[in-house]
Amino acid sequence: MNIITKTVIALSLASHFSAHAIDLRVDNIRLYQSSSQSFSKPSSLYIDDGKIVSITKTTDPLQNADNTINANNQYAIPGLIDLHVHLGSSGSNFTEFQYLPVKSHFNSNLYLGVTNIVDLFSFEQTLNEAAQLKATQVTPNLFYAGTLFTNPGGHGTQFGGQAYEIAKDEDIAALWQKHISTNPHVTKAVIETFGGVGKSLTDSQLSELGKRSKAANLPYFVHVSTLDDAKRAIKAGATALAHGINSEAIDDEFITLMKKHNVTYIPTLAVYHNHSDEKHNHTISLQKELLKTIPEKLQGCLFENVPAPSKWKEHAWDERKTAYTNIQKLHKANITIGTGSDAGNPYTLHGTGLHNELDALKKAGLTNGEIINASTVNGAKAINKANSIGKLAKGFEASFVLLKQNPLDDINHIHTISEVYKSGIQVDRPALIAQNKAIKPKGPACNEVIKSSQAQHVIDDFTGDTPWQALSDSVMGGQSVATLTTHKNSLTIDTTITKPTSFGAWAGAEIKFTSPVDASAFKGIRLTYKGSTTPFAMSVYHSDVKDWDHFSVLLKPRDEWTTLDIPFSTFKQFGFGSPVTWSATQLTGVNLMWRKMPGTSNEPLKNTLQISELTYF
């Protein structure tokens, strides 16, 4: 470099920094270049007011800064982007749900270099909590969809929170105003028919949401699970597919649509595979570096006694080669692939889940550079932030992860982080570990082994105060109702089953035992009852069943009082959950339940049943 060129650079830098001293200069840092999928030679990085203001060669004159750091030739990648999280959930099993505050999830993401997260179903309480944290501490950038759009009783309503349910096209205008009033960064809609059983948003409804999102300059994320639904979403204006096509091969039409409409593909492999991977290989629990901010109680709940995954999760695990092949086809077609973990679901932990997703993309065949791009520049593009995050370039946010070893040589190096910077501020990673250790998950004790007591002959004699409790789908957003009326020596159960959600509709009553009982000395259960207009189920609770897939038998209505002896051998699991070996040694309760399956009539179904004897025989 000649004297004139050096002088011009020095004058240019001096002019830029003359107003005030720059905040931070990082020397000897190798910066990731997304276009070439390579790292620069050691450079100096200038940061002011949270942004990168200049990048110079080591041979260029250095300018003063309030603070200087020597990166010692470490490798810097942009802060990672998780395009699919749920801050309202912790990653625990739902049957032993453990609640953690947003602070815990923010800390876990920052500790692992995830500086940008997209919450795709945001509750008001969650957003308020996040806003308060942002005012007092360093936090990841939060982009949110707010409330999602779904069909009546569709996916999203089962969690009990508010969802925008579109019954007819005319509903959209008012619901859209509610959506916009929350100042969202993304629109989220759902297509989920659960194998064709349930209904979903219509094409016209999906298209109207797409048009409104485009006009508001909002990315339009659509939850899909099948190839046909993915095509519907793209034609309706989706800019990103939340979840990929994991159980069936994609075709040329799908690839053409993705190309034509420039849609981002977010496969969320982690949420489909983590539970099975942990059960079969203990993969998640072995990642000690990725679990340092996860409270011990939550880890114990997840890893000490891993339940068998549900059948659909096992199916996704068995079909993972199909999911991987689809990603390879899309990549070869130059389709943009982004990273989303669906963190908050069981075994998909905040921060950790995104790193699991990076590993899954490696198994799917992406190169290390392609994986880094998927989790940085591609993610920024998906949420219309390609000019502010996702790159280490002038004018971009100064959020980056320092790695001692080159992740292009081995993507596993991305898990071993040296330092994290968020908007030019060094993250105190040890402090994040300490903060999260002090946060105790709120939820029941997990994996408790309680010795069974010998079952008594009488389960309930219907004298005195009733131990029965009404239960219905209202706990998951449904509208069904159960009412109990006690009489001398009997109990009446009145139920009204209304519109099915994506998990159906149900109402009934249950009796839970104070501790497990051993009923192996008996052959089965004796019930005396009268009434009901439709068949109903009797279920026996077993301590090993963790996912509501109880052992059940279907009983017929009776116009007159009838006593039935129901052998234990006739009780079978429905089959949607984890299979459990039957044993009468750990029984924890009984329920009587009326149901409607997903997709059936919304017409209310009413039943009245009287019971006067419940014993073992």
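None of these values were measured; they are calculated from a predicted model.

Quick notes on the confidence of the model for the protein
Detailed conclusions should not be drawn from predicted coordinates in areas where pLDDT is low.
Link 1 in the chain: Residues of the protein with pLDDT of at least 70 account for 95%, and the chain-wide mean is 92.
Link 2 in the chain: Note on residues 3-18: pLDDT under 50 across the span, and 17 contacts to partners over four residues away in sequence or across chains.

Some details on the sheet that holds strand 7 (residues 114-119)
Link 1 in the chain: Read from one edge to the other, the open sheet built from three strands follows the order 6-7-8, with strand pairing classed as parallel. For this open sheet the edge positions go to strand 6 (80-85) and strand 8 (141-144), each flanked by a neighbour on one side alone. When the angles between neighbouring strand axes are averaged without regard to direction, this sheet yields 20°.
Link 2 in the chain: When strand 6 meets strand 7, the two strands line up parallel, connected through four bridges. Along strand 7, the bridge assignment pairs valine 85 with aspartate 119.
Link 3 in the chain: Running over the sheet, helix 2 (residues 102-111) touches strand 7 and strand 8 and is turned about 135° from strand 7.
Link 4 in the chain: Against the sheet, helix 12 (residues 352-363) makes contact with strand 6 and strand 7, and its axis sits at roughly 100° relative to strand 6, the strand it touches most.

Considering the environment of leucine 127
Link 1 in the chain: Checked against the element boundaries, leucine 127 lands in helix 3 (residues 124-134).
Link 2 in the chain: Residue classification places leucine 127 among the buried positions, given a relative accessible area of 19%.
Link 3 in the chain: The spacing of leucine 127 and valine 102 is 25 residues in sequence and 8.9 Å in space, taken between C-alpha atoms.
Link 4 in the chain: If we skip the residues at most four places from it in the chain, leucine 127 touches Ser122, Leu142 and Tyr144.

Some details on the packing of helix 4 (residues 172-181) against helix 5 (residues 203-215)
Link 1 in the chain: For the pair helix 4 and helix 5, the least separation of the axes is 11 Å and the interaxial angle reads 40°. Between helix 4 and helix 5, the angle is such that the two are oblique. Considering how the two elements wind past one another, helix 4 and helix 5 form a crossing that is right-handed. Seen from helix 4, the contacting residues are Ile172, Ala173 and Trp176; seen from helix 5, they are Gln205, Glu208, Leu209, Arg212 and Ser213.
Link 2 in the chain: For the contact of helix 4 with helix 5, the residue count by class is four nonpolar, two polar and two charged.

Topic: the pattern of salt bridges
Link 1 in the chain: Within the structure shown, the criterion is met by 15 salt bridges.
Link 2 in the chain: The shortest N-O distance in the salt bridge between arginine 25 and aspartate 27 comes to 2.9 Å. Across the pair, exposure class does not vary: arginine 25 and aspartate 27 are buried alike.
Link 3 in the chain: The closest approach of N and O atoms between arginine 212 and glutamate 208, which form a salt bridge, is 2.8 Å. Taken together, the residues span about one helical turn, with arginine 212 and glutamate 208 both in helix 5 at a distance of four residues.
Link 4 in the chain: For arginine 212, a relative accessible area of 25% gives the class partly exposed.
Link 5 in the chain: Under the relative-accessibility criterion, glutamate 208 is labelled partly exposed at 26%.
Link 6 in the chain: Taken together, the salt bridges that share partners define one network made up of Lys231, Lys235, Asp251 and Glu253.

What to know about the pairing of strand 11 (residues 187-190)
Link 1 in the chain: By the alternation rule, side chains of strand 11 split into Thr187 and Ala189 and Lys188 and Val190, which are all buried.
Link 2 in the chain: Here strand 11 pairs with strand 12 (residues 220-223) via four bridges, running parallel. Bridge pairing in strand 12 links alanine 189 to valine 222.

Focus: the nonpolar core
Link 1 in the chain: Grouped together as the largest cluster of nonpolar side chains are 77 residues, with contacts concentrated most on Ile77, Leu209, Leu241, Phe254, Met258 and Tyr265.
Link 2 in the chain: Not counting residues within four places of it along the chain, the set of residues in contact with leucine 209 comprises Phe149, Ile166, Ile172, Trp176, Ala189, Leu201 and Tyr220.
Link 3 in the chain: Counting residues in each nonpolar core, the second largest holds 38 residues, with Val517, Leu555, Leu592 and Ile611 among its members.

Focus: the state of the cysteines
Such a bond, covalent and formed between the sulfur atoms of two cysteines, is termed a disulfide.
Link 1 in the chain: With the rule as written, the count across this model stands at one disulfide.
Link 2 in the chain: The residue that forms a disulfide with cysteine 301 is cysteine 446, at a sulfur-sulfur distance of 2.0 Å. When the S-S torsion is 80°, as for the bridge of cysteine 301 with cysteine 446, the disulfide is right-handed. Linking cysteine 301 in helix 9 (residues 296-303) with cysteine 446 in the loop between helix 15 (429-437) and strand 18 (453-454), this pair joins segments that are 145 residues apart in sequence. The residues cysteine 301 and cysteine 446 share a single accessibility class, namely buried.

Concerning the side chain of serine 399
Link 1 in the chain: Take serine 399: it is sitting in the loop between helix 14 (377-382) and strand 15 (400-403).
Link 2 in the chain: A polar side-chain atom of serine 399 sits 2.6 Å from a polar atom in the side chain of glutamate 397.
Link 3 in the chain: From its side chain, serine 399 meets the backbone nitrogen of serine 423 in a polar contact 2.9 Å long.
Link 4 in the chain: Beyond its immediate chain neighbours, meaning those up to four positions away, serine 399 contacts Ile77, Pro78, Gly79, Thr115, Leu392, Tyr421, Lys422 and Ser423.

A closer look at the side chain of histidine 273
Link 1 in the chain: Secondary-structure assignment places histidine 273 in helix 8 (residues 269-281).
Link 2 in the chain: Leaving out residues up to four positions away in the same chain, histidine 273 has contacts with Ala316, Trp317, Arg320 and Tyr324.

Details of helix 2
Link 1 in the chain: Taken across its ten residues, helix 2 has nine buried, putting it largely inside the fold.
Link 2 in the chain: Buried within helix 2 are the following residues: Val102, Ser104, His105, Phe106, Asn107, Ser108, Asn109, Leu110 and Tyr111.
Link 3 in the chain: For helix 2, the secondary structure elements touched by its buried residues are strand 7, helix 3, strand 8, strand 16 (417-422) and helix 15.
Link 4 in the chain: One or two steps after helix 2, the chain reaches glycine 113, where phi turns positive at roughly 80°.

Focus: the packing of aromatic side chains
Link 1 in the chain: For the structure on display, the rule yields 14 aromatic pairs.
Link 2 in the chain: For the ring pair phenylalanine 303 and tyrosine 347, a centre distance of 6.3 Å and an interplane angle of 50° mean the geometry is tilted. Of this pair, phenylalanine 303 sits in helix 9 while tyrosine 347 sits in the loop between helix 11 (320-332) and helix 12; the two residues are 44 residues apart in sequence, bridging distant segments of the chain. This pair shows no difference in class: phenylalanine 303 is buried, exactly as tyrosine 347 is.

About the cut-offs
- Residues numbered from 1 in each chain as written.
- Predicted model: local features only at pLDDT ≥ 70, side-chain atom pairs only at ≥ 80, totals over all residues.
- Heavy atoms only, no water.
- pLDDT = per-residue confidence, 0-100.
- Contact = heavy atoms within 4.5 Å.
- Pairing = 2+ DSSP bridges.
- Helix = DSSP H or I, 4+ residues; strand = E, 2+ residues; numbered from the N terminus.
- Axes fitted to C-alpha atoms, helices over the stretch in contact; angles between N-to-C directions.
- Buried < 20%, exposed > 50% of the residue type's maximum accessible area, 1.4 Å probe, protein only.
- Parallel < 35°, antiparallel > 145°, perpendicular 65-115°, else oblique.
- Left-handed = near helix turned anticlockwise from the far one by under 90°.
- Nonpolar A, V, L, I, M, F, W, Y, C, P; charged D, E, K, R; others polar.
- Salt bridge = Lys/Arg side-chain N within 4 Å of Asp/Glu carboxyl O.
- Core = buried A, V, L, I, M, F, W, Y, C linked by side-chain atoms within 4.5 Å.
- Disulfide = S-S within 2.5 Å.
- Polar contact = N/O pair within 3.5 Å; in protein donor to acceptor, adjacent residues only side chain to side chain.
- Phe/Tyr/Trp six-rings, centres within 6.5 Å; stacked < 30°, edge-to-face > 60°.

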